[in-house]
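# Summary of structural features
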Amino acid sequence: HIIQAYKNAAAHASLAALSVGGNSDGSARSPNSLGLTHREAEVLYWVAQGKTNSDVAVILNMASGTVKRHLENIYQKLGVENRVAATRVIMEKFR
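Residues numbered from 1 in each chain as written. Predicted model: local features only at pLDDT ≥ 70, side-chain atom pairs only at ≥ 80, totals over all residues. Heavy atoms only, no water.

## Things to note about the overall build of the protein
Our working definition: A helix here means a DSSP run of H or I that spans at least four residues, while a strand means a run of E at least two residues long, and both kinds are numbered starting from the N terminus. Each residue is assigned to one of three classes by its accessible area relative to the maximum for its type, calculated with a 1.4 Å probe on protein chains only: buried under 20%, partly exposed between the two thresholds, exposed over 50%. Only heavy atoms matter for contacts: two residues are in contact if any of them lie within 4.5 Å across the pair.
A tally of helices and strands in the protein yields five helices and zero strands. Listing the helices and strands of the protein from first to last along the sequence gives α-α-α-α-α. The buried share among the 95 residues of the protein stands at 34%. Long-range contacts, defined as pairs at least 24 residues apart, comprise 53% of the intrachain contacts of the protein with a sequence gap of at least 6.

Below, the structure written as structure tokens:
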């Protein structure tokens, strides 16, 4: 539990870092700038780390179906069709 709490804190710090400052082109560096909620950003962070829906559900203490629904919302907001494309969009945006 302690290790998972540490990982969650590190993920939260990474998400918070995205919210500070801006890109060189002046655009916001926040998942919110893409229309993502904080929870969707958390889900996408773990997906980008290679976690499965089941893994993310355990990490974030939610049902696997909830993770799936968050991913569906993320795909729609980012205009992509799968987790690989969503991860690519985020990696390019927040490089």
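After that view of the structure, there is still more to cover.
## Side note on the environment of Glu42
Cut-off, in case you're wondering: For this analysis, a polar contact is any N or O atom pair within 3.5 Å, provided that within protein one partner can donate a hydrogen and the other can accept it, and provided that sequence-adjacent residues contribute only side-chain to side-chain pairs.
Tracing the backbone shows Glu42 in helix α2 (residues 38-48). Sequence spacing of Glu42 and Val56 is 14 residues, and the spatial spacing of their C-alpha atoms is 9.1 Å. For Glu42, the side chain forms a polar contact with the side chain of Arg39, separated by 2.8 Å.

## Quick look at the pattern of salt bridges
Basically, it comes down to this: In the sections that follow, a salt bridge refers to a side-chain nitrogen of Lys or Arg positioned within 4 Å of a carboxyl oxygen of Asp or Glu.
Under the criterion given, the structure shown has four salt bridges. The residue Lys77 makes a salt bridge to Glu40 at a minimum N-O spacing of 2.7 Å. Placement of the pair is Lys77 in helix α4 (residues 64-78) and Glu40 in helix α2, with a sequence separation of 37 residues. Since its relative accessible area comes to 37%, Lys77 is described here as partly exposed. Between Glu72 and Arg69 there is a salt bridge, with its nearest N and O atoms 3.0 Å apart. Here Glu72 and its partner Arg69 are both found in helix α4, three residues apart, which amounts to about one turn of the helix. Residue Glu72 is classed as partly exposed on the basis of its relative accessible area of 33%.

## What to know about the packing of α2 against helix α5 (residues 83-93)
Spelled out, the test is: Each axis is a line fitted through C-alpha atoms, and for a helix only the stretch in contact is used; angles between axes span 0 to 180 degrees, taken between their N-to-C directions. Roughly parallel means an angle under 35 degrees; roughly antiparallel means over 145; roughly perpendicular covers 65 to 115; every other angle is labelled oblique. Asp, Glu, Lys and Arg are counted as charged, while Ala, Val, Leu, Ile, Met, Phe, Trp, Tyr, Cys and Pro are counted as nonpolar; the rest, among them Gly, fall into the polar class.
Packing of α2 against α5 brings their axes to within 10 Å, and their N-to-C directions diverge by 105 degrees. As the angle between them shows, α2 and α5 are arranged roughly perpendicular. Seen from α2, the contacting residues are Leu44, Val47 and Ala48; seen from α5, they are Arg83, Ala86, Thr87 and Ile90. Residue classes in the contact of α2 with α5 are distributed as five nonpolar, one polar and one charged.

## Remarks on the side chain of His70
As for its position among the elements, His70 is in helix α4. Every residue in contact with His70, bar those within four places of it in the chain, is listed here: Arg39, Glu40, Val43 and Met62.

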